[in-house]
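Working through the structure, step by step
Letter by letter, the chains look like this.
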Amino acid sequence: MAVYSAAAAVLAGVESRQGSLKGLVYASNFQNVKQLYALVCETLRYSAVLDAVIANAGLLRAEKKLRPHLAKVLVYDLLLGRGFRGRGGRWKPLLERHQARLKAELARLKVRQGVSRNEDLLEVGSKPGSASQVPRFVRVNTLKTCAEDAIDYFKRQGFSYQGRASGLDDIRALKGKCFLLDPLLPELLVFPAQTDLHDHPLYQAGHLILQDKASCLPAMLLAPPPGSHVIDACAAPGNKTSHLAALLKNQGKIFAFDQDAKRLASMATLLARAGVSCCELAEQDFLTVSPSDQRYCQVQYILLDPSCSGSGMPSRQLEESKAGMPSPERLRALAAFQQRALSHALTFPALRRLVYSTCSVCQEENEDVVSTALQQSLGAFRLAAVLPSWPHRGLGAFPGAEHCLRASPETTLTGGFFIAVLERVEVPSSVSQAETAASELTPSPAPKGKKRRRKAAATPGT
């Protein structure tokens, strides 16, 4: 029962623009944030369908005490989700009284739309590659397993492995229980959009991370070698941090900062499940971290994924269809914080490479922030030219912006995302000492084999 009440409260907050979906979920104090987030996302995704079914069945007219947002969440789980399965509390018998009518109205809606499956209702009036059609990306956690073993496990469960995708057309064609290996990231599996793996034993054990492909690019492009010292400046919820740890093979050090205690607690649980042992968590605003602190004198890599409007997230795109794009005032406030954070990160003395990323599609939070930071660096940093074959580049807001990467459901079959890789033009003298210290932590090269090949494939050309 608690999950439905929490989901209804988050849903109401989203529709009244009290905050972002992710922020409201974390602020809810509900223990299982992933379960709550998934339930609200799916309810939002089917929002128009649920509104029609509830209205045509006369549910709210018949049940005066049932509030609209709670009704929507309950009806989603009853008709389109996993069913109540022991949940529902006092609302379960109430909904079951109307179950036949609700199912009949859903069936009539399918007939009117000329579709046979529930998910087909999402495609009516939408274009291919829309937010509802972003595939399910699954990153194999190489701290606990390897892609080959994960693939074998899925094959034993009846999934059909289709090999490495040759391009987006292969991914668009995925259906049923078929899955692919991503053509760019060697530990990323791709499943059809509707695949739900939240209860999968490999996910529950931390062997799999449910992470959008675009969200995997920042750590991959930062590419810190084992033994490095890395800062994850705005780290929660922790998927990118666990990816960094996998690239480091748990060798070296990750300093992860976030000022939200609840998000940090959830992150600690995620990292423990993923087997991360090289990360030091700190409940601290990154802007207050001193670059002159000797603890960070060897930090050569920084991942900065600051708070943003989230306008590129598939779940947010579903919200924004009703609420509109972020207001100019909110964008200005976010961009000012992002600008301060990026400029601050560039002052760390041993820094060699930084990845700046957002899940926003707004130029104010992306190209404009990077352009200002580069100007303020007075030539000390430049944009690295990464992934030249990536189809979606930065907006032409300043010379060199084409070196930035963008992503979207339409062009890359991912959530909306922005990435810029900044590298130091001249390596400072302090780095030589840091490199020496880091090399002492780096083990001898691994013997030639499949793990070595996976690492080579994951290192981007610049």
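The rules behind the values
Residues numbered from 1 in each chain as written. Predicted model: local features only at pLDDT ≥ 70, side-chain atom pairs only at ≥ 80, totals over all residues. Heavy atoms only, no water. Buried < 20%, exposed > 50% of the residue type's maximum accessible area, 1.4 Å probe, protein only. Helix = DSSP H or I, 4+ residues; strand = E, 2+ residues; numbered from the N terminus. Pairing = 2+ DSSP bridges. Axes fitted to C-alpha atoms, helices over the stretch in contact; angles between N-to-C directions. Parallel < 35°, antiparallel > 145°, perpendicular 65-115°, else oblique. Contact = heavy atoms within 4.5 Å. Nonpolar A, V, L, I, M, F, W, Y, C, P; charged D, E, K, R; others polar. Left-handed = near helix turned anticlockwise from the far one by under 90°. Expected span 1.5 Å × (residues − 1). Polar contact = N/O pair within 3.5 Å; in protein donor to acceptor, adjacent residues only side chain to side chain.

In terms of residue burial, helix α14 (residues 239-248) counts as a mostly covered element, since nine of its 10 residues are buried. For α14, the full list of buried residues reads Asn239, Lys240, Thr241, Ser242, His243, Leu244, Ala245, Ala246 and Leu248.

Taken in spatial order, the five strands of this open sheet run β2-β3-β4-β1-β5, and their pairing is mixed. In the strand order of this sheet, the two ends are held by β2 (160-164) and β5 (208-210), each with one partner. Taken over all neighbouring pairs, the strand axes of this sheet differ in orientation by 30 degrees on average, direction set aside. Bridge analysis of strand β1 (residues 136-140) against β5 gives three bridges, and the strand direction is antiparallel. Directly across from Val140, in β5, lies its bridge partner Leu208.

Let's shift gears to the packing of helix α3 (residues 33-45) against helix α6 (residues 68-80). It is at 10 Å that the axes of α3 and α6 come closest, and there the two elements cross at 95 degrees. For the element pair α3 / α6, the angle class is roughly perpendicular. Each of Leu39, Glu42 and Thr43 in α3 lies in contact with α6, whose residues at this interface are Lys72, Val73 and Tyr76. Considering only residue class, the contact of α3 with α6 consists of three nonpolar, one polar and two charged.

Moving on: the packing of helix α4 (residues 47-57) against helix α8 (residues 99-113). Where α4 contacts α8, the two axes come as close as 9 Å, and the packing angle between them is 125 degrees. Classified by the angle between their axes, α4 and α8 sit oblique to one another. Taken as a pair, α4 and α8 cross one another with a handedness that is right-handed. Facing α4, whose interface residues are Val49, Ala52, Val53, Asn56 and Ala57, α8 presents Arg101, Leu102, Glu105, Leu106, Leu109 and Arg112. Class assignment of the residues belonging to the contact of α4 with α8 gives a composition of seven nonpolar, one polar and three charged.

The buried fraction of strand β10 (residues 353-358) is high, at six of six residues. The side-chain alternation of β10 yields two buried faces, one formed by Arg353, Val355 and Ser357 and the other by Leu354, Tyr356 and Thr358. Where strand β9 (residues 299-304) lies against β10, four bridges are found, and the strand directions are parallel. Within β10, the residue paired with Tyr301 across the bridge is Arg353. Alignment of β10 against strand β13 (residues 417-424), held across six bridges, turns out to be antiparallel. Bridging from a neighbouring strand, Leu354 pairs with Leu422 of β13.

Take helix α15 (residues 261-274) next. With 14 residues, α15 ought to run about 20 Å at 1.5 Å a step, and its terminal C-alpha atoms sit 20 Å apart, in line with that. Among the structural elements, α2 (21-26), α3, β5, α14, β7 (253-258) and β8 (279-283) are those in contact with the buried residues of α15. The distance from a side-chain oxygen at the start of α15 to the backbone nitrogen of Lys262 is 3.0 Å, and the residue carrying that oxygen is Asp260. Looking one or two places after α15, you find Gly275, whose phi comes out positive at around 80 degrees.

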